[in-house]
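Understanding the architecture of this molecule
Chain by chain, the residues:
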Amino acid sequence: VPFMRRIPVGMAKLNGNLAAEWKPFPIIYLIVVFGLLPLTFFLLSLAGVAVMASVGGILILGIIAVATILTLRMKRPSTLPESLKADPAWMPNSLKVNPVE
């Protein structure tokens with residue numbers, strides 16, 4: 001599906017920009033994605049279905065909240081309070097909605 005090709009290419013560009021901007025990013029990315037996340041999910045699966053469902057539900061709600069805020073920041077920033085309109089100072093430029101050059 002041609003329109004799906006943009007997703008991995010865009011993610012690769014984002015990872016490349018983050019790696020260029022913040023030198024420890026590749027090492028931290030490898031440790032988190034191939035070490036901490038699988039270990040966390042394995043330990044959650046050992047804790048039981050209720051714990052896994054609770055943590056999964058909280059994660060899904062968090063992802064929905066972040067996606068909603070980012071969409072509102074790009075499409076209708078006037079609906080958000082001032083604290084949600086600004087990018088945090090610690091955020092790399094490649095992740096900012098309104099990057100400072």
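Sequence order as written defines the numbering, with residues in each chain counted from 1. For this predicted model, a pLDDT threshold of at least 70 governs which residues receive local features, and a threshold of 80 or more governs which side-chain atom pairs are given and counted, while totals over whole chains, interfaces and linings are taken from all residues. Only hydrogens and water are removed before side-chain values are computed, so all heavy atoms of the structure are retained for them.

1. Considerations on the layout of surface pockets
Over the atoms a probe the size of a water molecule is rolled, and this reveals where empty space is left. Just so we agree on the cut-off: Only protein atoms enter the calculation, which uses a 1 Å grid: trapped sets of points that fit a 1.4 Å probe without letting it out are cavities, open sets showing protein on both sides within 12 Å along at least five of seven lines are pockets, and any residue with an atom within 4 Å of a point is a lining residue. Grid points are joined across faces, edges and corners, and a volume is the space filled by probe spheres set on the points. Numbered from the N terminus, helices here are DSSP runs of H or I no shorter than four residues, and strands are runs of E no shorter than two. Gly falls in the polar group here, along with every residue not listed as nonpolar (Ala, Val, Leu, Ile, Met, Phe, Trp, Tyr, Cys, Pro) or charged (Asp, Glu, Lys, Arg).
Its boundaries defined by the atoms lining it, the largest pocket holds a volume of some 180 Å³. Along its surface, the largest pocket is lined by V66, I69, L70, R73, S83, L84, A86, P88, M91 and L95. At the level of secondary structure, the elements contributing two or more residues to the lining of the largest pocket comprise helix 3 (49-75) and helix 4 (82-85). When residues in the lining of the largest pocket are grouped by element, the largest group, four residues, is from helix 3. Its residues assigned to classes, the lining of the largest pocket comprises eight nonpolar, one polar and one charged.

2. Some remarks on the packing of aromatic side chains
As a reminder of what qualifies: Pairing of aromatic rings covers Phe, Tyr and the six-membered ring of Trp, with a centre-to-centre limit of 6.5 Å; geometry is then stacked below 30 degrees between planes, edge-to-face above 60, and tilted otherwise. When accessible area is computed with a 1.4 Å probe and restricted to protein chains, residues below 20% of their type maximum are described as buried, those above 50% as exposed, and intermediate ones as partly exposed.
Enumeration according to the criterion identifies one aromatic pair in this entry. Summarising the aromatic geometry, the rings of F25 and Y29 are spaced 5.7 Å apart at their centres and angled 35 degrees between planes, so their arrangement reads as tilted. One end of the pair, F25, and the other, Y29, are both in helix 2 (residues 25-47), four residues apart, so they sit about a helical turn from each other. Looking at Y29, the relative accessible area reads 33%, which means it is partly exposed.

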